[in-house]
Amino acid sequence: MNIAIGCDEAAYQLKMVMIRHLKTKPGVAVTDFGAQAGETVLYPDVAKAVAEAVARGDYDRGILFCGTGIGMCITANKVPGIRAAVCHDPFSTERARKSNDAQILCMGERIIGPELAQYLVDIWLQCDFSGGGSTPKVERIKEIEHTYYEQNKNEQNKDEKGK
């Protein structure tokens, strides 16, 4: 499994713990999208880069860290085709994969410690989308996303023709 990982400066330490943890997992490869030590970044830029890479299929899943995980999650969910979830407990972590087919896990270094974060990532890596009754819901999420994507595309075309 190929994983894209990123953080802002508020979560650099947790990202580094997670990279070391993931490198111990057989069959897991991880690519670091930043931030690097001492670097200040805008977390939306990191979230966008990871989410786009996952949406393109370059990576199977992504993991994003910031102070709370919330900002990364909001930004990642702006990328068409992405379902990101903030998870700080085992049940929501499992359900993010099994019920919502979330490809990106977001966590906050100011919220959870490294041991819990590693435990949650292990749960998340072991879970797959279970389908069943969740399938129509995930398909509906995709339909809603597509509707807004098409509306934005049409608005951009109108703007370009009007210039």
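Scroll up for the structure.
This one's a predicted model, so the numbers in the text were calculated from it and none came from an experiment.

About the thresholds
Residues numbered from 1 in each chain as written. Predicted model: local features only at pLDDT ≥ 70, side-chain atom pairs only at ≥ 80, totals over all residues. Heavy atoms only, no water. Patch = residues over 30% accessible without salt bridge, like charges linked within 9 Å, V, L, I, M, F, W, Y side chains within 5 Å. Areas by Shrake-Rupley, 256 points an atom, 1.4 Å probe, with all protein chains shown as cover. Salt bridge = Lys/Arg side-chain N within 4 Å of Asp/Glu carboxyl O. Helix = DSSP H or I, 4+ residues; strand = E, 2+ residues; numbered from the N terminus. Buried < 20%, exposed > 50% of the residue type's maximum accessible area, 1.4 Å probe, protein only. 1 Å grid on protein atoms, 1.4 Å probe; cavity = no way out; pocket = protein on both sides within 12 Å on 5 of 7 lines; lining within 4 Å. Points joined across faces, edges and corners; volume = space filled by probe spheres on them. Nonpolar A, V, L, I, M, F, W, Y, C, P; charged D, E, K, R; others polar. Pairing = 2+ DSSP bridges. Axes fitted to C-alpha atoms, helices over the stretch in contact; angles between N-to-C directions. Contact = heavy atoms within 4.5 Å. Right-handed = clockwise from strand over helix to strand, strands pointing away.

A.B. asks: Help me understand a nonpolar patch on the surface, please; the structure alone is not making it clear to me.
C.D. replies: On the surface, Ile 70, Ile 74 and Val 86 cluster together into a nonpolar patch covering about 240 Å² of accessible area. Structurally, the position occupied by Ile 70 is in helix H3 (residues 70–76). Judged by relative accessible area, Ile 70 falls into the partly exposed class, the value being 47%.

A.B. asks: I tried to follow the layout of surface pockets on my own but got confused; where do I start?
C.D. replies: Empty space among the atoms becomes visible once a probe the size of a water molecule is rolled across them. In this structure, the largest pocket encloses a volume near 200 Å³. Taken together, the residues that form the lining of the largest pocket break down as five nonpolar, three polar and three charged.

A.B. asks: Where do I start with the sheet that holds strand S5 (residues 104–108) in this structure?
C.D. replies: Consider a sheet: its strands pair through backbone hydrogen bonds, and that pairing is either parallel or antiparallel. Read across the sheet, five strands follow the order S2-S1-S3-S5-S4 without closing on themselves; strand pairing throughout is parallel. Two strands bound the open sheet, and with one partner strand each, they are strand S2 (29–32) and strand S4 (84–86). Looking at each pair of strands side by side, their axes are set apart by 20° on average, direction ignored. Sheet topology places strand S3 (residues 61–66) next to S5; five bridges connect them, and they run parallel. Each bridged residue has a counterpart across the sheet, and for Leu 64 the counterpart in S5 is Cys 106. Across the sheet, helix H2 (residues 43–56) touches strand S1 (2–7), S3 and S5, and the angle it forms with S3 is around 170°.

A.B. asks: Please explain the pairing of S1 as it appears in this structure.
C.D. replies: In summary, the side chains of a regular strand alternate between the two faces of the sheet. Taken across its six residues, S1 has five buried, putting it largely inside the fold. As judged from the four bridges shared by S1 and S2, these two strands associate in the parallel manner. Paired with Ile 3 across the two strands is Val 30, which belongs to S2. Assessed by its sense of winding, the connection that carries the chain from S1 through helix H1 (residues 12–22) to S2 is right-handed. Relative to S3, S1 runs parallel, the two sharing five bridges. Its bridge partner lying in S3, Ile 3 is registered against Arg 61.

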